[in-house]
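Each chain, written out:
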Amino acid sequence: MAHRSARYDYGGDRYVFVEFSIDMELAQNFKTLSMAEAIKQARIPGIVEVIPSICSMLVEYDRTKLHADSLIGRLKGIEQSMTQLTQIPTRIIDFPILFADPWTTECAEAFKGHHNTGEVPNIDFVARENHFSDRESFINALCATPYWTVMVGFTPGLPWLYPLGVGNEEAIQAPKYNRPRTWTPDRAVGLGGAFLAIYSVRNPGGYQLLGRTTNPIYDARQRYPDFKENPVLLKPGDILRWRSVDRDGYDRVWAGIEDGTYRFPIRNVTFEPEGYLRDPPGYTKALMGGG
Amino acid sequence: MLEIVQQGLEASVQDLYGRPGYYSQGIPPSGAQDGLSLGLGNLLVGNDKNEAGIEITMLGPQVRFRDPHAIALTGGDLSPKLNGDPVPMWETVGAKAGDLLSFGRMMNGCRAYLAVAGGIDVPLVLGSKATYARGEIGGHEGRVLRKGDVLKVGKPAVPPVGLEGRRVDPSRIPQFGAHADLRVVIGVESYVYTERGIKTFLSTDWQVSSKIDRVGYRYLGPQLECVTRTPPFGAGSDPTNVVDSGYPVGSVHTTGPGVEPILLPNDAVSGGGFATIGTVIAVDLDRVGQSKTGDTTRFTSVRIDDGYRAWDERENLLTESSIVQGR
């Protein structure tokens, strides 16, 4: 457990801002999620919502029931009483992806002038930036790396994903576009810095486009079986496993999603942050291997 | 029922308090951009103040009433007319079946509200009737209104008798000049800006740009000085880049190195990688919604308790005490 304490601030007159780190550290994301859970468990009257992000969080409160200063006092108490990171009940979810698919390729083509080198599709640019000899070895490396959902948001259900089991320096990285695109297809998988994101709705964006997944992550009309309870699929802490499919494989899964017969392969697991931090590659391997 | 016979620039179904509780999933609260005006309109027609009405931005649609309804128009003055004749604002008016509501020049403000006795009858989605168009949920089919849309009206909470002629107490009608003063709580990631940068932020009459919608209001003015720093790993290459964090609704961040502040109103994106300099207090978002391209805006630093007091005052305005009867 990191010893430094969080910084507390006001996010206007209806949020409190809690910042654990200004750097990207998975340990601090685990702390953020642990603390978010502990706040929910404390059931403090007047809290509207806990909104965790990567290494910080917002806590929205009802000013008629709770003053920010007393809320901050309560939060500091919770932070101090957290002696270790809590286990995070989470899920490993299979994400079929068609790399260099026609839709994101069309988008990359349309915004060629915004791109760093103008290369279409973007995947070969990203592979080269990361010193892979060819597209296939890049795809193999990406599919061998599980990605942790550090945050959900920006647009509805959009996951921000960070690689598990590798250090910051080994993470696959790419610069963002020089100028953002004005649209991106939904379900496009993009890479910006060391983060992967899945675009949840057709939206502007500047991440390098790698491919498109079959899996909807936001279903506004709640048509699909996995969205009956909630229009958003993913939660912070969910682990995504990429599975490269060809066009036939993509079409088969998509047809099943459309007619409601395909269910996302989901495996429930308990993630132990302390165990992970002791041995990131070993822990990740055991977790993903089904151990 | 009422029918949209001609589409305006952007009209959508909105309620007052929106859809709180889903921001951690990237779903913003939405709701009327000027909640005070919608709420007063609802009171005029005997509705609960949180009932759904229509938010009408700049260029109004044409609306045909298919049944008689008690209605009220509040907010910015977009020169509303009933069958071609000017119709008074901030006052309950009877519309007959077949009457046509239209709008003309924008005289002041940016958004007008149409409240109808009984409210606009759309399904509750995640607890609210508010439209969030970017996320395609709420309101009428999750989108802004189009020509040909037919909207149902709910059953009035009180019999619509004696409603006509009810007016908002003139001393309580908000004024929308070409300059808005917004109260802001400095903080969140204000450490990215120098003291001088924050001073510039607070002493500039910012020009409201042409990029103003429910997701973001962009302002034009000087560059804000930022501290010299190497952005943290994973954050990007600009000194105002931070590891992606939550954006409070009402928060202001700059893009690029301290340029073009963006304020995030009710359809805010929930987080991102730019440093927040501060957050406008909740009540003043009403005023943001009535500012338009070419207007000026100044931000004044306040404490959160000022925000709480202003909120209590607004809640007091949203009561029957603001309504007077007859001339």
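Small disclaimer: the values here were computed from a predicted structure and weren't measured.

With respect to unusual backbone geometry
A negative phi angle characterises most non-glycine residues, just as the trans form characterises most peptide bonds. A cis amide bond, omega -10 degrees, links Val120(A) with the succeeding residue Pro121(A). The backbone of Ser79(B) shows a phi angle near 50 degrees, a positive value even though the residue is not glycine. Among the structural elements, Ser79(B) can be located in the loop between strand 5 (69–77) and strand 6 (81–82). The backbone of Leu126(B) shows a phi angle near 50 degrees, a positive value even though the residue is not glycine. We classify Leu126(B) as partly exposed; it has 18 C-beta atoms within 10 Å.

Digging into the sheet that holds strand 7 (residues 85–86) of chain B
Residue and element names in this part refer to chain B. Pairing within the open sheet is antiparallel, and its six strands lie in the order 7-6-9-4-1-11. Looking at which strands have only one partner, the edges of the open sheet turn out to be strand 7 and strand 11 (150–151). Of the strand pairs in this sheet, strand 6 and strand 7 are connected by two bridges, and their pairing is antiparallel. Bridge pairing links Lys81 to Pro86 in strand 7.

What about the packing of helix 1 (residues 26–42) of chain A against helix 2 (residues 68–81) of chain A?
Residue and element names in this part refer to chain A. In the contact formed by helix 1 and helix 2, the axes pass within 10 Å of each other and the chain directions differ by 120 degrees. Our classification of the angle between helix 1 and helix 2 gives oblique. Here the hand of the crossing between helix 1 and helix 2 comes out right-handed. Each of Met35, Ala38, Ile39 and Ala42 in helix 1 lies in contact with helix 2, whose residues at this interface are Leu75, Ile78 and Glu79.

Observations regarding the environment of Leu78(B)
Residues and elements named next belong to chain B. Along the chain, the position of Leu78 falls in the loop between strand 5 and strand 6. With 25 C-beta atoms counted inside 10 Å, the residue Leu78 sits in the buried group. Between the C-alpha atom of Leu78 and that of Ile56, which follows or precedes it by 22 residues, the distance is 8.8 Å. Those residues in contact with Leu78, other than ones at most four positions away along the chain, are Ile56, Gly60, Phe103, Met106 and Ala112.

Quick word on the interface of chain A and chain B
Facing 42 residues of chain A, the contacting portion of chain B comprises 39 residues. Those elements giving two or more residues to the side of chain A that touches chain B turn out to be strand 1 (7–11), strand 2 (15–19), strand 3 (47–52), strand 4 (56–61) and strand 6 (147–152) of chain A. For the side of chain A that touches chain B, the element with the highest residue contribution is strand 3 of chain A, accounting for five residues. Residues that form the side of chain A that touches chain B fall into these classes: 26 nonpolar, nine polar and seven charged.

Focus on the domain arrangement of chain B
By convention, interface size is frequently given as the accessible area that disappears when the constituent parts associate. Residues and elements named next belong to chain B. In terms of domains, chain B is made up of domain 1 (2–170) and domain 2 (179–315). A C-alpha centroid distance of 28 Å is found between domain 1 and domain 2. Contact residues are listed per partner, giving 19 residues for domain 1 and 14 residues for domain 2. Only helix 1 (35–44), strand 5 and strand 10 (108–116) provide two or more residues apiece to the side of domain 1 that touches domain 2. Counting residues per element, the side of domain 1 that touches domain 2 draws most heavily on strand 10, at three residues. Looking at side-chain class alone, the side of domain 1 that touches domain 2 contains seven nonpolar, nine polar and three charged residues.

Rules behind the numbers
- Residues numbered from 1 in each chain as written.
- Chains lettered and ligands numbered in written order.
- Predicted model: local features only at pLDDT ≥ 70, side-chain atom pairs only at ≥ 80, totals over all residues.
- Helix = DSSP H or I, 4+ residues; strand = E, 2+ residues; numbered from the N terminus.
- Buried ≥ 20, exposed ≤ 12 C-beta atoms within 10 Å, placed from the backbone.
- Pairing = 2+ DSSP bridges.
- Axes fitted to C-alpha atoms, helices over the stretch in contact; angles between N-to-C directions.
- Parallel < 35°, antiparallel > 145°, perpendicular 65-115°, else oblique.
- Left-handed = near helix turned anticlockwise from the far one by under 90°.
- Contact = placed C-beta atoms within 7 Å.
- Nonpolar A, V, L, I, M, F, W, Y, C, P; charged D, E, K, R; others polar.
- Domains from an automatic or database assignment.

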